[in-house]
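Residue-level structural notes
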Amino acid sequence: MIFFSSRNTFTFISSRCYSSARLLHFLQLSIACRSLQLTKQSHSQIISFGLTSNPFVTTKLITAYALCGQATQSHLVFNSNQHKNVYLYNTLISGYVKNHAYNEAFELFNVMCCSDLSPDDFTLATIAKVCGEIKDLNVGKLIHGKSIKTGFVEDIVVANSLMSMYVRCGKCQESVSLFDEMPQRNVGSWNVLISGCVNSGNFSFGKDLWEIVMDMQIDGVNFDAFTVSSLLPLCGGNDNIARKLDYGRELHCYIIRNELDISLDSDLYLDCCLIDMYSRSNNPGAGRRVFDLMKHKNVYAWTAMINGYVQNGALDEALVLFREMQVKDRIEPNKVSLVCVLPACSSLGGLTGGKQIHGFAIRKELNDDLSLCNALIDMYSKCGSLNCARQFFEDSSFHKDAISWSSIISGYGLHGKGEEAVSLYNKMLSLGNKPDTITIVGVLSACARTGLTNEGLNIYNSAINVYGIKPTIEICACVVDMLGRAGQLQRSLEFIKTMPVEPGPSVWGALVSASVIHGNSEMQDFAYKSLIQLEPENPSNYVSLSNLYASSRRWNVVAAVRTMMKDRGLKKSPGCSWISINGKTHCFCVGDKAHPCSDSIYEMLHDLILIMEGAGTCSIDLQMMTQ
């Protein structure tokens, strides 16, 4: 019992208590603001008032330094405290983890275990998380064993951390076993299980994973934003679109019904996931409705919607939205925004817009980003500025990867410069870079366009036999196209029959094109029939087959094909092309007279045809072109 014999002593103690409370307030402020200057000032006051042995104040100070990136200073504060407890150890271990100093965290954990102190649930959960971060399964199993020995494995937080560790180490089944043994589970437990199954790919969304989601609801656990954001990327896509879109719509309804989009700070992320899901489901209109209903839009939301338009071929809308982002909301695009919008410039031939994006990237010092550099090479190539693409490719400011080489090789192939493409491919190999599927497709396409059949076959054989690349539909289609263009139609057909993969529409389409070039109607007829079997809902195949029969005056077969199209409700969309003049894109369809200058355009076309006919190079009927 302590007696206060004088007023001065009481005043000193009261002042000390007041100073402690005030310092805790400043420390909490420095933690919130992550201010190193305020943390140092608070530290000096702690020393001045003799509070270095106060474990609560010391814990706050260690946390403040750690959040400011001063893990070494946190350790010095920890060492200055003679009477260490489990909370001090936990605080410093957590500080090391926040600064990615995982080795120091393990060393401190070992020191703690060798002392009289035993780790608690927070310690074990934190160290288990570290094991997952560095994918150290052996140490993770030791932490699991220690959790069982101390009884903390029944703690939900510890069990969730151990589950996450197993998932990150690629042991999804161990995570499931631990989940099944848990006496109690929360939404975090289910989230680890779901995200683990999604990332591992061991579960199909149509069966096992959806059953897990249903079990979660049966267990009385409601989804949170993390649950929904884990599931939305699996909805949509090219395969089984209708069913997956139904799942996505159900999740969208759940978000609205439970107000996840307004009650959580992650509402922007959820909205971006919804935009992406609808875009991948070929429904950018639904994604745009989600976008328009967003109260606050950041650069990620704008980028998600721009990317959605580009994915679905709505290139004009993508460019308009890209301008609105900067003009309307005054939001500056980031490197992802630039990478997303560049394909729109490439497809529309908008070299001016592409150069403006390049200039913006230089001003913002983003031009050393690898993905952006690759997109710029692709844009310059597709816009016809091959010299700019090569000049940018030769720039040594960024490290080139397989995509960089593939982009420039494909660019040369696109412009019929097969020899340069093959030379670049050989240079890539000589520098020790291994080709991938995209690289092989690019160089084989270049060989096909320029008649380098032998070189292309050698590249194909070396890719399969030397570099172990598995033949894909795209690679095989390039080989068929290459042989077909060279007039080796029978060899093309034999290659199709011996392909290691089932021939797809691109393969038969290549054979059709080659048959047309060399006037082999029998081979053309066979290839078209194969196409129709693969794509019974594609009207272009029926129209082409009908034209083939019409050219040989087999009108009864033409009528049968047209009847088949009518019975199936198929109608071919008119062909479309565009040209960019003075920064404005003009779009034209077959027989189109909607353009305000259409009369002048057709008059000029008529004059050109007369000149060409006079030179004996054209026998086109103008009337057919204007129908």
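Residues numbered from 1 in each chain as written. Predicted model: local features only at pLDDT ≥ 70, side-chain atom pairs only at ≥ 80, totals over all residues. Heavy atoms only, no water.

**Brief notes about the overall build of the protein chain**
Going by this rule: Helix numbers and strand numbers start at the N terminus; a helix is a DSSP run of H or I with at least 4 residues, a strand a run of E with at least 2. Residue exposure (1.4 Å probe, protein chains only): buried if accessible area is under 20% of the type maximum, exposed if over 50%, otherwise partly exposed. For the accessible areas, the method is Shrake-Rupley and the probe is 1.4 Å, while residue cover comes only from the protein chains on display.
Helix and strand counts for the protein chain come out as 35 helices and two strands. Expressed as a percentage of its 627 residues, the buried residues of the protein chain come to 43%. Accessible surface, the protein chain: about 33500 Å² in total, of which carbon and sulfur atoms supply 52%.

**As for the confidence of the model for the protein chain**
Low-pLDDT portions of the prediction should not be read for the details of their coordinates. Inclusion rule: As a per-residue quantity, pLDDT reports the predictor's confidence and falls between 0 and 100. In what follows, residue pairs with any heavy atoms lying within 4.5 Å of each other are defined as contacts.
For the protein chain, the average pLDDT comes to 81, and 81% of its residues sit at 70 or higher. For residues 1-18, every residue scores under 50 in pLDDT, and the model assigns this stretch five contacts once sequence neighbours within four places are set aside.

**Section: the side chain of S515**
As for its position among the elements, S515 is in helix α30 (residues 505-517). Judged by relative accessible area, which is 0%, S515 ranks as buried. Filtering out sequence-adjacent residues up to four positions away, S515 remains in contact with L489, N520, M523 and Q524.

**Some thoughts on the pattern of salt bridges**
Applicable threshold: Take a side-chain nitrogen of Lys or Arg and a carboxyl oxygen of Asp or Glu: if they are within 4 Å of each other, that pair is a salt bridge.
Applying the stated criterion across every chain yields a total of eight salt bridges. A salt bridge links R280 to D276; the shortest N-O distance between them is 2.9 Å. Here D276 and R280 lie together in helix α16 (residues 267-280), a separation of four residues that amounts to about one turn. A salt bridge links K382 to D378; its shortest N-O distance comes to 3.4 Å. Here the residue K382 and the residue D378 both occupy positions in helix α22 (residues 370-382), the gap between them amounting to four residues, near one helical turn. Residue classification places D378 among the partly exposed positions, given a relative accessible area of 24%.

**Observations regarding the packing of helix α5 (residues 86-98) against helix α7 (residues 121-134)**
The line we're drawing: To get an axis, a line is fitted to the C-alpha atoms, and for a helix only the part in contact is used. The angle between two axes follows their N-to-C directions and goes from 0 to 180 degrees. To sort the angles, those under 35 degrees are grouped as roughly parallel, those over 145 as roughly antiparallel, those from 65 to 115 as roughly perpendicular, and the leftovers as oblique. Whether a crossing is left-handed or right-handed is set by the direction in which the near helix is turned from the far one by less than a right angle, anticlockwise for left-handed and clockwise for right-handed. Only Asp, Glu, Lys and Arg are considered charged, only Ala, Val, Leu, Ile, Met, Phe, Trp, Tyr, Cys and Pro nonpolar, and every remaining residue, Gly among them, polar.
For the pair α5 and α7, interaxial distance at closest approach is 10 Å and the crossing angle is 20°. Put simply, α5 runs roughly parallel to α7. By crossing handedness, the relation of α5 to α7 is classed as left-handed. Between α5, through V86, N90, I93, S94 and V97, and α7, the contact on the second element is made entirely by F122, T123, T126, I127 and V130. By residue class, the composition of the contact of α5 with α7 is six nonpolar, four polar and no charged.

**Considerations on the packing of aromatic side chains**
Condition: The pairing test for Phe, Tyr and Trp rings, Trp by its six-membered ring, is centres within 6.5 Å, and the orientation test on the planes gives stacked under 30 degrees, edge-to-face over 60, and tilted for anything in between. Charge over a ring is defined by NZ of Lys or CZ of Arg lying within 6 Å of the ring centre and within 35 degrees of the ring normal.
Taken as a whole and assessed by the stated rule, the structure comprises six aromatic pairs. Taking 5.0 Å as the distance between ring centres and 75° as the angle between the ring planes, the aromatic pair formed by F393 and W405 counts as edge-to-face. Here W405 lies in helix α24 (residues 402-414) and F393 lies in helix α23 (residues 386-393), a separation of twelve residues in the sequence. Neither F393 nor W405 differs from the other in exposure class; each is buried. Here the guanidinium or amino end of R185 rests over the ring plane of F179, the centre of that ring lying 4.2 Å away. In this arrangement the basic side chain of K297 is found over the ring face of F291, its NZ or CZ atom lying 5.1 Å from the centre.

**Digging into unusual backbone geometry**
Notably, N282 is not glycine yet its phi reads approximately 60°, a positive angle. Within the secondary structure, N282 sits in the loop between α16 and α17 (284-293). Residue E365 is not a glycine yet carries a positive backbone phi of 55°. With respect to the secondary-structure elements, E365 resides in the loop between α21 (351-363) and α22.

**Observations concerning the environment of T227**
Examined against the element boundaries, T227 turns out to sit in helix α13 (residues 225-231). Along the chain, T227 and L251 lie 24 residues apart, while their C-alpha atoms are 9.9 Å from each other. Non-local contacts of T227, meaning those with residues more than four positions away in its chain, are made with V187, N191, I194 and M216.

**Considering the environment of D121**
Here D121 is to be found in helix α7. D121 gets classed as partly exposed once you look at its relative accessible area, which sits at 29%. It is 10.0 Å that separates the C-alpha atoms of D121 and N90, two residues lying 31 residues apart in sequence. Here D121 is in contact with F152, D155 and V158, once residues within four sequence places are set aside.

**Some words on the packing of helix α26 (residues 437-450) against helix α27 (residues 453-465)**
Remark: α26 packs on α27, axes separated minimally by 9 Å, with the N-to-C direction vectors making an angle of 160°. Considering their axes alone, α26 and α27 lie roughly antiparallel with respect to each other. For the crossing formed where α26 meets α27, the hand is left-handed. Of the residues in α27, those touching α26 at I440, V443, L444 and C447 are E455, G456, I459, Y460 and A463.

**A few points about the environment of L489**
Examined against the element boundaries, L489 turns out to sit in helix α29 (residues 489-497). Expressed as a C-alpha distance, the spacing of L489 and M523, which sit 34 residues apart in the sequence, is 7.9 Å. Setting aside residues no more than four positions away along its own chain, L489 makes contact with G484, L511, A514, S515, H518, N520 and M523.

**A few points about the side chain of N374**
Within the secondary structure, N374 sits in helix α22. For N374, a relative accessible area of 6% corresponds to the buried category. With residues near it in sequence (within four places) discarded, N374 still touches F398, D401, I403, S404 and S407.

**Details of the nonpolar core**
Inclusion rule: For our purposes a nonpolar core is just a set of buried Ala, Val, Leu, Ile, Met, Phe, Trp, Tyr and Cys residues, chained together by side-chain atoms within 4.5 Å.
With 166 residues, the main nonpolar core has V228 and L444 as its most contacted residues. For L444, the residues in contact, after removing those within four places along its chain, are G456, I459, Y460, I475, C478, V479 and M482.

**Observations regarding helix α10 (residues 172-181)**
Counted only if it meets this: Taken from the helix axis, the directions to the C-beta atoms give the arc we talk about.
All of the buried residues in α10 are C172, S175, V176, L178 and F179. Seen along its axis, α10 keeps its buried residues to an arc of 165°; they face one direction. In α10, the exposed positions angled more than 90 degrees off the buried face are occupied by Q173, D180 and E181.

**Topic: the state of the cysteines**
The following threshold applies: Cysteine sulfurs are considered disulfide-paired once they come within 2.5 Å of each other.
Counted by the stated rule, this structure contains zero disulfides. In this structure C68 is a free cysteine whose sulfur lies 9.7 Å from that of C33, the closest cysteine sulfur available. We classify C68 as buried; its relative accessible area is 17%. The thiol sulfur of C114 is not disulfide-bonded, and the nearest other cysteine sulfur, from C113, lies at 6.8 Å. Judged by its relative accessible area of 71%, C114 falls in the exposed class.

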